[in-house]
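An overview of the molecular structure
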Amino acid sequence: MNVLKRFKVKRYVIAGIVALSVTVLAAVVITTMEAYAYEDYWDVKIGGKTVAVLTSESSAKQVIKDVKHSYIEEGAEVKAIECTPAMTVEKTTYSVSEGPEVVDVDEAVEYILSGTKERVTYTVKKGDSLWSIAEDYDLSVEEIEEMNKDADLETLYPGDELKLYETNPMVTVTTTQLITSEKQIKYKTITKKSSEVLKNNTVVKQEGSYGRKKVTELVTSENGVVTATEVQSSQVIEKAKNRIVIKGTGTRPASSDGGSTQSGSGQAIANYALQFVGNPYVYGGSSLTNGADCSGFVLSVFSNFGITMAHDAGAMRSYGRGVSLAEAQPGDLICYYGHVAIYIGGGQVVHAVNESLGIAVTSTTYTGPVIAVRRIVE
């Protein structure tokens, strides 16, 4: 190789070494610059503790605004909002290589409002149910079941213990709002007495209806839970209509004209008669407690509802109006030869049977064939 060739090769080698050195140096410089580069972020703090980091001051301030307004009702006039502990925004510089975990506005608001969860043990009280406990702790029934897989939750007893999570809010937002809403006006029930209605019967003369009013209130709440309410103004939109009930005091003889009935409740008569099951049978008696025979039992039961009858089972076969046994309803008279009973439904009657059974419940056919069914009230 001649001298000129050797010179050219050497020159190329030197040039390559220089280029490689420049590249390496540039990489080192860039890496070094990145290592010492910084970026600004904005911390949202509650009581001085950072709870979220955002990329801009405006988004950090928006978090505070959204948290404060999350408990404001639509259309309300806001009088005051206060957070405890205080929420603040602070600019913080982080190195690029150790950047913080950044969230957006919605994520930060949800995290703050959700709060932290702490495991607690709940002791079941009288009247508790899974549904009421779930509502009190802002949980679902399914979540409680998942937390207590080893427990039998089919029946809860006072003293049972459940594992639960209790939410502890990061901040208490106290709001004072002027809220205008429409509310019901409750109606009153007015009871009047009348001899036109049979004793121990009631008749609704007028159904009640709720009224409406427009109410403006100054409402103070903590995290959405109302702590104080002060009515500022109230305007009636529609008046309530009172419910009027007539309580009967009247007495009337059972009709024996072969077709008339009295107004009343046959079921109420049957229910009343059943109170005396187990009391004694006394021939000629009419006491529901100390003893009665069949017709004495019937006349005393109906007397409680203002209907007077003869102490005679035969005479009772003519009272009210006749219906078939298939049509019998509670309160109807079931008549036999020399005997009478009160139908209670389901093919059964209550009656003063005999000295052995006293006042008892039996089937309709226990004392013999039914010869008449008479409806006294309907």
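This section reports on the structure supplied with the text.

Definitions and limits used
Residues numbered from 1 in each chain as written. Predicted model: local features only at pLDDT ≥ 70, side-chain atom pairs only at ≥ 80, totals over all residues. Heavy atoms only, no water. Phe/Tyr/Trp six-rings, centres within 6.5 Å; stacked < 30°, edge-to-face > 60°. Helix = DSSP H or I, 4+ residues; strand = E, 2+ residues; numbered from the N terminus. Buried < 20%, exposed > 50% of the residue type's maximum accessible area, 1.4 Å probe, protein only. Salt bridge = Lys/Arg side-chain N within 4 Å of Asp/Glu carboxyl O. Polar contact = N/O pair within 3.5 Å; in protein donor to acceptor, adjacent residues only side chain to side chain. Contact = heavy atoms within 4.5 Å. Axes fitted to C-alpha atoms, helices over the stretch in contact; angles between N-to-C directions. Parallel < 35°, antiparallel > 145°, perpendicular 65-115°, else oblique. Left-handed = near helix turned anticlockwise from the far one by under 90°. Nonpolar A, V, L, I, M, F, W, Y, C, P; charged D, E, K, R; others polar. Core = buried A, V, L, I, M, F, W, Y, C linked by side-chain atoms within 4.5 Å.

Let's talk about the packing of aromatic side chains
Taken as a whole and assessed by the stated rule, the structure comprises 5 aromatic pairs. An angle of 75° between the planes, with centres 5.6 Å apart, marks the rings of Y41 and Y94 as edge-to-face. Of the two residues, Y41 sits in strand β1 (residues 38–46) while Y94 sits in strand β4 (residues 87–95), which places them 53 residues apart along the sequence. We classify Y41 as buried; its relative accessible area is 13%. Ring geometry for Y272 against F305: centres 5.7 Å apart, planes inclined by 90°, an arrangement best described as edge-to-face. With Y272 in helix α6 (residues 266–274) and F305 in the loop between α7 (294–303) and β16 (307–308), this residue pair connects regions lying 33 residues apart in the sequence. Like F305, Y272 is buried. Every member of this aromatic cluster is reached through a ring pair, and the members are Y272, F276 and F305.

Topic: the pattern of salt bridges
What the rule picks out here adds up to 11 salt bridges. Close ionic contact of K61 with E57 constitutes a salt bridge, the shortest N to O distance being 3.4 Å. Of the two residues, K61 and E57 both sit in helix α2 (residues 57–69), 4 residues apart, roughly one turn of that helix.

Describing the side chain of S295
Here S295 shows up in helix α7. Judged by its relative accessible area of 5%, S295 is buried. Among the polar contacts listed, one links the side chain of S295 to the side chain of H311, at a separation of 3.5 Å. Residues contacting S295, with those up to four places away along its chain left out, are H311, D312, A313, M316 and V340.

Notes on the packing of α2 against helix α3 (residues 105–114)
The N-to-C vectors of α2 and α3 enclose an angle of 40°; their axes lie 9 Å apart at closest approach. The angle between α2 and α3 places the two elements in the oblique class. For α2 against α3, the interelement crossing comes out right-handed. The segment α2 lies against α3, with S59, Q62, V63, D66 and V67 engaging V105, A108, V109, I112 and L113. Partitioned by chemical class, the residues of the contact of α2 with α3 number 7 nonpolar, 2 polar and 1 charged.

A closer look at the nonpolar core
Ranked by internal contacts, the top residues of the largest apolar core, which has 33 residues, are F297, V298, F302, M309, L333 and I342. Secondary-structure elements contributing two or more residues to this core are α6, α7, α8 (313–316), β18 (333–336), β19 (339–345) and β20 (348–354). When residues in this core are grouped by element, the largest group, 6 residues, is from α7. Residues V44, A60, V63 and A108 belong to the second largest nonpolar core, which totals 19 residues.

Without other data, these values stay purely geometric and don't point to any function.
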